[in-house]
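Chains, contacts and geometry: an overview
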Amino acid sequence: MKKFLLALDEGTTSCRAVLFSLHDMRAVCSYSEPLNVSYPFDGWVEQNAAEIYEKQMRCVRRIFETASYDPACVIAVGITNQRESTVIWDRKTGAPLAPCIGWQCRRTAGEVERIRKEGLESKIKKKTGLVADAYFSATKLSWLLDNTPGAREKAERGELLAGTLDSYLVYRMTGGARHITDVTNASRTMLFDINTLDWDDELLSMFRIPRKILPEVTECTGNFGSAFVAGRSMPICGIAGDQQAALVGQACFDKGDVKCTYGTGAFILANIGSEPRITRSPLLTTVAYKIKGETAYAFEGSVFNAGSVMSWLESVGLLSSAGESEAVASGVPDSGGVYLIPAFTGMGAPYWNMNCRAAVLGITRATTRAHIVRAALECIALRSSEVYDLMTDALGMPLGALNADGGMSRNSLLLSAQADIIGNVVRKSCEVECTALGAAYLAGIGAGVIKGTGEIKRTHACEATFEPSSDGLKVERLKAGWKQAVGTLLTDTLN
């Protein structure tokens, strides 16, 4: 009888269930559902956690309803999720008390500015590896407790629980039996000490968050309870935040291994080994994974908008679908001096500017739709290269080839531009959805059917490689124009 691992990939704009054959770890069946995202005010991003759970379970049911696979053949379930997004819910019913605050939400930017002015940012970074930013969960959770009627009182009475979406999914899937999160998701909250691998009492006090509402922190692999899905009980054996799951899916287990997931945003993680390294640079230090007692750390740089740039182009009529971006952009040899700065929700590393907004600069009467679309693709590669270069400097050694995955890695023009701009090879994964693959790998390790990271490393392969261009002068001109364009935008923001 064939055996399978089931991955639940809960993303920002869609959720997905993917069935992987244990024989070769190839996806044999998948089903996805779109998720609603609301923007009630400027800079606010919200979702409905109950809808996310229901649609995630629907994806699982659809796999077994529409395909000839027996749920009894599933050995274990792995979960990966959008990180930092924060939800509070009723302990008894599992019902959310308020909308889930999305990771892109900037409503708590004012609170973050207060923290910075009080000189608390260095303490936060020393403990958590993170910069003080509204991106992370701490200020979101504090806001929910302060602005949801009765929430703080319920929290004190033990009637309320809180966490990131992995915690919420596990709680609902196990019928309330487990309230847990893994080290990777915990490390994105701004409440977790990555040195001790535990919630930090000083940070909890700073943000006025009761420890008792937070989940137990676990490794990424293990037995995390039984989920009753598709008419059958299945053990949950793997959990990781989406970007760390992709790192596992790309087999980045050695120091200097680096990946970029081009999804709604573009997220670069570089494995830095078994010791956390807190740098003065704008890079984040995060937990990469903890597997069988062994912890690895990573540098991370976040580009908040990547695939969302294509969605914007579609919304304003410059693309009929995001999938046509490569064909349209290929109609011109370059962007004609046009630069699109994708700061729709501020800018992450290396700028960490919560207040700037997107702009298109350099438009002339000769500018066409193709130039703007090409500039949109190039801006993703340019922003990612800024992070890649920072990581190289901070690690003090050359990074390996950039392992690319995510929906936008299907765009060969993007990956070719990325190779040119970083001056290194870009490798496209055989599995575009490496987040789901990583979750499946973790579930396999947790269930004992995959021996460990060495086995994953030996079998990992890429689908295509992109070599950097020899035209270094063209690349330097492109990067110089980009730096000037960003400088202009940031100067305008300050003024």
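In this report, the structure presented in the accompanying data block is examined.

Rules used throughout
- Residues numbered from 1 in each chain as written.
- Predicted model: local features only at pLDDT ≥ 70, side-chain atom pairs only at ≥ 80, totals over all residues.
- Heavy atoms only, no water.
- Helix = DSSP H or I, 4+ residues; strand = E, 2+ residues; numbered from the N terminus.
- Rg over C-alpha atoms; globule rule 2.2 N^0.38 Å.
- Buried < 20%, exposed > 50% of the residue type's maximum accessible area, 1.4 Å probe, protein only.
- Contact = heavy atoms within 4.5 Å.
- Areas by Shrake-Rupley, 256 points an atom, 1.4 Å probe, with all protein chains shown as cover.
- Lys, Arg positive; Asp, Glu negative; His and termini not counted.
- Charge placed at Lys NZ, Arg CZ, Asp CG, Glu CD.
- Pairing = 2+ DSSP bridges.
- Axes fitted to C-alpha atoms, helices over the stretch in contact; angles between N-to-C directions.
- 1 Å grid on protein atoms, 1.4 Å probe; cavity = no way out; pocket = protein on both sides within 12 Å on 5 of 7 lines; lining within 4 Å.
- Points joined across faces, edges and corners; volume = space filled by probe spheres on them.
- Parallel < 35°, antiparallel > 145°, perpendicular 65-115°, else oblique.
- Left-handed = near helix turned anticlockwise from the far one by under 90°.
- Phe/Tyr/Trp six-rings, centres within 6.5 Å; stacked < 30°, edge-to-face > 60°.
- Salt bridge = Lys/Arg side-chain N within 4 Å of Asp/Glu carboxyl O.
- Nonpolar A, V, L, I, M, F, W, Y, C, P; charged D, E, K, R; others polar.

1. A closer look at the overall build of the protein chain
Helices and strands together make up the secondary structure of the protein chain, namely 16 helices and 23 strands. Relative to the compact-globule value of 23 Å for 495 residues, the protein chain shows a C-alpha radius of gyration of 22 Å, a close match. Taking all 495 residues of the protein chain together, 61% fall into the buried category. Residue pairs in contact within the protein chain that sit at least 24 positions apart in sequence constitute 72% of those at least 6 positions apart. Accessible area for the protein chain stands at about 18,300 Å²; split by element, carbon and sulfur atoms hold 49% of it. Taking the average location of the 52 positive side-chain charges in the protein chain and that of its 54 negative ones, the two points are 2 Å from each other.

2. So, the sheet that holds strand E18 (residues 294-303)
Spatially, E17-E18-E16-E15-E21-E22-E23 is the arrangement adopted by the seven strands of the open sheet, whose pairing is mixed. Looking at the sheet topology across the chains shown, the edges are occupied by strand E17 (284-291) and strand E23 (462-466). Averaged over all adjacent pairs, the angle separating strand axes in this sheet is 30°, with direction ignored. Pairing geometry for strand E16 (residues 266-273) and E18, over seven bridges, is antiparallel. For alanine 266, the partnering residue across the bridge sits in E18 and is valine 303. In the packing of helix H9 (residues 242-249) onto the sheet, the strands contacted are strand E15 (258-262), E16, E17, E18 and strand E21 (402-405), and the crossing angle to E17 comes to about 60°.

3. Overview of empty space enclosed by the protein
Over the atoms rolls a probe the size of a water molecule, and in doing so it shows where empty space is left. For the structure on display, the rule yields three cavities of 30 Å³ or more. Taken together, 15 residues line the largest cavity, and the ones lying closest to its centre are Ser137, Gly163, Thr164, Thr189 and Leu214. Elements represented by at least two residues in the lining of the largest cavity include exactly helix H4 (137-147), strand E8 (160-164) and helix H7 (183-186). Among the elements that take part in the lining of the largest cavity, H4 stands out by supplying three residues, more than any other.

4. Side note on the pairing of E15
The buried count for E15 comes to five of five residues, which makes it a mostly enclosed element. Pairing of E15 with E16, which is carried by five bridges, proceeds in the antiparallel orientation. Residue pairing across strands places cysteine 260 opposite isoleucine 268, the latter belonging to E16. Once E15 ends, the chain turns through three residues before running back antiparallel as E16.

5. A few points about the packing of helix H1 (residues 49-66) against helix H6 (residues 165-173)
Running from amino to carboxyl end, H1 crosses H6 at an angle of 60°, the nearest separation of the two axes being 10 Å. Taken together, the axis directions place H1 and H6 in an arrangement best described as oblique. With respect to the hand of their crossing, H1 and H6 are arranged in right-handed fashion. Of the residues in H6, those touching H1 at Ala49, Ala50, Ile52, Tyr53, Glu54 and Met57 are Leu165, Tyr168, Leu169, Arg172 and Met173.

6. Side note on the packing of aromatic side chains
Considering all chains together, one arrives at 13 aromatic pairs under this definition. Pairing tryptophan 312 with phenylalanine 344 gives two aromatic rings, centres 5.5 Å apart and planes at 45°, and the pair type is tilted. Within this pair, whereas tryptophan 312 is found in helix H10 (residues 307-315), its partner phenylalanine 344 is found in the loop between strand E19 (339-341) and strand E20 (359-361), the two being separated by 32 residues in sequence. What makes tryptophan 312 partly exposed here is its relative accessible area of 29%. Owing to a relative accessible area of 26%, phenylalanine 344 belongs among the partly exposed residues under this scheme.

7. Concerning the pattern of salt bridges
Under the defined criterion, the tally for this structure stands at 32 salt bridges. A salt bridge links aspartate 201 to arginine 211; its shortest N-O distance comes to 3.0 Å. Note that aspartate 201 is positioned in helix H8 (residues 201-206) and arginine 211 in the loop between H8 and strand E12 (216-218), a separation of 10 residues in sequence. On the basis of relative accessible area, arginine 211 is assigned to the partly exposed category, the value being 33%.

8. Focus: the environment of leucine 165
Relative to the helices and strands, leucine 165 resides in helix H6. With a relative accessible area of 0%, leucine 165 lands in the buried category. For the pair leucine 165 and asparagine 185, spaced 20 residues apart in the sequence, the C-alpha separation amounts to 9.1 Å. Not counting residues up to four positions away in its chain, the partners in contact with leucine 165 are Glu10, Ala49, Ile52, Asn81, Gln82, Ser85, Val87 and Cys100.

9. A short note on the layout of surface pockets
The calculated volume of the largest pocket comes to roughly 1,200 Å³. Every residue lining the largest pocket is counted, 49 residues in all, and those nearest its centre are Thr13, Gly263, Thr264, Gly307 and Ser308. Elements supplying a minimum of two residues to the lining of the largest pocket: strand E1 (4-10), strand E2 (14-21), H9, E15, H10 and helix H11 (325-329). Here the lining of the largest pocket gets six residues from one element, more than from any other, and that element is H10. Its residues assigned to classes, the lining of the largest pocket shows 15 nonpolar, 24 polar and 10 charged.

Structural measurements only, silent on function.
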